Amino acid sequence: MSSGAVLALLVAAGFAATLGILIKYFGVVQLVAGYDPDRVTDDEGLADFIGTNILYVATLLVLVGVVEYTEPFDGDGTEAVWIAFVVVLLGLTARMIVGSRRYEASE
């Protein structure tokens, strides 16, 4: 893969890490999509949960960037890496959506 694409992955990882740090360590829950202060009962818990998962996404992006840069599979495993990336990313996304509901008051 070109170094430009690897750089793009690392920039995306930096952006995701920045968001994760802001949410987890500084409690900026307003960055969470769909955040409603009237429904959320535990802002700190939500910030910790979502921030941690976004940091997992950042780590995943760095790992894919490293694999793409080093090309350990000589081009044969590139598709498998991207398929695994999409599957893990969708899993983390689903985990954040479902898990964030425990921090909301039920109607």
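Our structure is the block above this text.
A few points on the structure. Since the model is a prediction, treat every value here as computed from it, not as a measurement. (Residues numbered from 1 in each chain as written. Predicted model: local features only at pLDDT ≥ 70, side-chain atom pairs only at ≥ 80, totals over all residues. Heavy atoms only, no water.)

### Some details on the nonpolar core
For clarity, the cut-off: By nonpolar core is meant a set of buried Ala, Val, Leu, Ile, Met, Phe, Trp, Tyr and Cys residues that side-chain atoms within 4.5 Å join together. A simple rule labels every residue: compare its accessible area, found with a 1.4 Å probe on the protein chains alone, to the largest value its type can have, and call it buried under 20%, exposed over 50%, or partly exposed in between. Helix and strand assignments come from DSSP, with helices taken as H or I runs of at least 4 residues and strands as E runs of at least 2, each series counted from the N terminus. We call two residues in contact when some of their heavy atoms are within 4.5 Å.
Of all hydrophobic cores here, the largest spans 23 residues; its most connected members are Ile23, Tyr35, Leu46, Ile50, Ile54 and Leu61. Elements represented by at least two residues in this core include exactly α1 (3–26), α2 (43–70) and α3 (78–99). Tallying contributions element by element places α2 first for this core, with 10 residues. Residue contacts for Leu46: discarding those within four places in its chain leaves Tyr35, Val40, Gly51, Ser100 and Tyr103.

### Considering α1
Condition: What a helix is expected to span follows from its residue count: subtract one and scale by 1.5 Å.
Between the first and last C-alpha of α1 there are 33 Å, a value that for 24 residues agrees with the 34 Å anticipated at 1.5 Å per step. Looking only at α1, the buried set comprises Val6, Leu9, Ala13, Ala16, Gly20 and Ile23. In this structure, the buried residues of α1 make contact with α2 and α3. Gly27 sits one or two residues past α1 and shows a positive phi near 70 degrees.

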